2 protein chains.
Amino acid sequence: MSGTNQRIDGRRLWTSLMDMAAIGATPKGGVRRLTLTAVDKAGRDRFRAECEAIGLTVRVDAIGNMFARREGRDPSRLPVLFGSHLDSQPSGGKFDGALGVLAGLEVMRTLHALDISTEAPLELVNWTDEEGSRFGHSLMGSGVWAGVFPQDKAYGLRDTEGVSVAEALDGIGYRGEHPAAPFPADSYFELHIEQGPILEREGKAIGIVTGAQAMVWWDARILGQDAHAGTTPPSARRDALVGAAEVIALVNRLMRERGEDGRGTVGELHVLPNSRNVIPGEVRFSVEFRHPEDAEIEALADGFPRLTAAALEGSGLQLELTELFRIARQPFDSGCVDLVRQAAARLHLPAREITSGAGHDAVYVARHVPTAMIFTPCKDGLSHNEAESIEPNEAEAGCQVLFEAVLTRANRPIG
Amino acid sequence: MSGTNQRIDGRRLWTSLMDMAAIGATPKGGVRRLTLTAVDKAGRDRFRAECEAIGLTVRVDAIGNMFARREGRDPSRLPVLFGSHLDSQPSGGKFDGALGVLAGLEVMRTLHALDISTEAPLELVNWTDEEGSRFGHSLMGSGVWAGVFPQDKAYGLRDTEGVSVAEALDGIGYRGEHPAAPFPADSYFELHIEQGPILEREGKAIGIVTGAQAMVWWDARILGQDAHAGTTPPSARRDALVGAAEVIALVNRLMRERGEDGRGTVGELHVLPNSRNVIPGEVRFSVEFRHPEDAEIEALADGFPRLTAAALEGSGLQLELTELFRIARQPFDSGCVDLVRQAAARLHLPAREITSGAGHDAVYVARHVPTAMIFTPCKDGLSHNEAESIEPNEAEAGCQVLFEAVLTRANRPIG
């Protein structure tokens, strides 16, 4: 069994996390490293230099994804991939994405320092624009790579200043030569903070991620009639916000009926005209449900429009629901998941199986390559927030599990 | 009995309404004549010229209120005032405010054309900034005049460009010499569109306004915790929007429990961070209740904070309620109201008593001067809207009632 006596350097990992967090650091202790900006370029350049310093070969594909390769002993083997993303939310934290990339770098550094070679080659990945904050499309780099999102469509996306993805890639010199398309690979591992409270609450160091949730998203619009708040009697009101409040309560109820695995959220809501003494004539809002089970999401996708219409019946309000997408559960590869489970057990780390609640590059990669993810806890479950925080020993534990899973996979006997 | 055989000229009134609506006309048939702008100045200048053309003397006070005076036969009598406002909402209609001023002008023109003199002098008023859309404080001109709102505070208010009221007054040359303060006056009459659906629904031509509603306004803020919508299980959620939805439903229920006289509205609401996949951590919104009876508003003012706290109990959400103001019912003067009632009866116009649901300059003037208002219907109860619409015969009927009430009052025997 490989790797059990070899340890990554937790202090070196922490230093490299803090060094990366200095690039785009915000006054409140967070990070603003928006994709394909000069700040992102600085992060990418540092990452590339650190990879090259330990003999890795860095290639860049047409959407800016970076692959840092370490050759294996067996040239016929497919590479074992691992990584995450270096871009951040506008007011993001230090660890969302960066942990997976820099833990991957620490894996490479440990192999380099201990002069360990693996059977299969290894490739450490930095996916472009996981967050979607600048161009409005999350998981862009892995989505283009996986063929989920057409490259020309991605190139044409523009930020609020009118700069396109293609221009931004050229602007920082990261439109690479290599095609952004799935190439044969042995497996993919991604370490990420949970971005939720479950591991912390249960005192678990490691989340063995078995797959990603199913989900369904809508845009909703309720049309009533704006009218003077002081002069319009109850019988003449068609208050779109009163209708939206019923729908919000319904979303919450449908979530809670599904217990702790349920997720149901209205996160964005706009009132028109949004004036203190005018009855709202229109409300636009988002609705989403997520659940580990496809059957639950199918039931919600079919049932919610009917239940909403029933809730608004007789109100004189008009409802428009536009289903944006419905995604089935993405299960991860049982063999890869097992390697994570075994590594955590070997290391006596308290662990639990968990379904990824957030979207991750791994979810798209899993469509083409056997994939697993490793979660580590984050303080109060907070993420997408400058206060996002993890402990050095948590980062170290996650990185050690990544190291062992990757090594075991790269050295597995192939029959 | 004076005035019964004398008729205002409905066609002239309509022409003057349409001419004024051309100043600041919007493509959708509405009006944008924001207070103290160049467009407002154009409206004021036209109004002044038309007043002076029929021999009225126009004076302007320190907050820009305009008074167009026609002398009476008895120099010892106090003036009978009437008017409204020429400023509009950003996307306002042609009649809100303008009807009262231009119907007043039509009263003056009729007296001039028929060479009628009155015992008491008459003063036609154009109040500054009734709408509050530019500087954020409605009823500004009448509020300063009535001493409800300190003049220096009004002068210091700034629009979104940073221009102060004082600068804007000077900029259009309407900071007058006369003090903005109540002067002895006999009475005040204001004709206005109802801005609600009641008269239209009941087929009434005239609303005999007996007073203005009591009301209570709050700023509300619910604090939860923003968190990832995909990763945060139901038990860990503190969703501020779910809490706000409960409060919106409560406001609606408390309104409906009070029948057709109840008014309860959440008109403005802001969600933070307002992102599709983030559970809302904070919601800020307005709450208001209005009712013709003081006792109902007192009960709501005391009960609502308690009921809201109870509704949110156990949710982990924090509620802040800031009461902005509580205004008792403002009854109008029974003598003046009677003159409106009698005029409508004499003219065989279907009429009903009504409480003003909206705020009006008349409500502040009533603190110092015996006051009454006359309402006319507006299409679908719509106001503060470019689609605001009334019929020429409705304007004519309201103006004729104003004419008769004003003349009867100005000629009443004083013992």
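First, a word on what this report is: a plain description of the structure on this page. (Residues numbered from 1 in each chain as written. Chains lettered and ligands numbered in written order. Predicted model: local features only at pLDDT ≥ 70, side-chain atom pairs only at ≥ 80, totals over all residues. Heavy atoms only, no water.)

1. Side note on the relation of the copies chain A and chain B
- Its rotation angle being 180°, the transformation that places chain A on chain B also includes 0.2 Å of axial translation and leaves an RMSD of 0.2 Å. Here the copies are linked by what is in effect a two-fold axis. Across chain A, the smallest distance between a C-alpha and the rotation axis is recorded for A:A245, namely 2.2 Å.
- When the interface residues of chain A are mapped onto chain B, 100% of them again lie at the interface, so the same face is used by both copies. (Least-squares fit on C-alpha atoms with pLDDT ≥ 70 in both. Contact = heavy atoms within 4.5 Å.)

2. Here we look at the packing of aromatic side chains
- Scanning the entire structure with this criterion turns up 20 aromatic pairs over all chains.
- Seen from their ring centres, A:W127 and A:Y188 are 6.0 Å apart, and the 75° between their planes marks the pair as edge-to-face. Of this pair, A:W127 sits in strand β4 (residues 122-127) while A:Y188 sits in strand β5 (residues 187-193), and the two are 61 residues apart along the sequence.
- Taking relative accessible area as the criterion, A:W127 reaches 1% and is therefore assigned buried.
- Measuring from ring centre to ring centre gives 4.8 Å for B:W218 and B:F304, while their planes differ by 40°; the resulting arrangement is tilted. Here B:W218, found in strand β7 (residues 214-223), pairs with B:F304, found in helix α9 (residues 294-312); they are 86 residues apart in sequence, far enough to count as distant. As far as the burial class goes, B:W218 and B:F304 line up, both buried.
- When the ring centre of A:Y174 is taken as reference, the NZ or CZ atom of A:R44 above it lies at 4.9 Å. (Phe/Tyr/Trp six-rings, centres within 6.5 Å; stacked < 30°, edge-to-face > 60°. Helix = DSSP H or I, 4+ residues; strand = E, 2+ residues; numbered from the N terminus. Buried < 20%, exposed > 50% of the residue type's maximum accessible area, 1.4 Å probe, protein only. Lys NZ or Arg CZ within 6 Å of the ring centre and 35° of its normal.)

3. Things to note about the packing of helix α8 (residues 240-256) of chain B against α9(B)
Residue and element names in this part refer to chain B.
- Taken N-terminus to C-terminus, the directions of α8 and α9 make an angle of 140°; their axes are 10 Å apart at the nearest point. α8 and α9 meet at a crossing whose hand is right-handed. Facing G243, E246, V247, L250, V251 and L254 of α8, the residues of α9 in contact are L300, F304, L307, T308, A311 and L312.
- For the contact of α8 with α9, the class distribution of residues is nine nonpolar, two polar and one charged. (Axes fitted to C-alpha atoms, helices over the stretch in contact; angles between N-to-C directions. Left-handed = near helix turned anticlockwise from the far one by under 90°. Nonpolar A, V, L, I, M, F, W, Y, C, P; charged D, E, K, R; others polar.)

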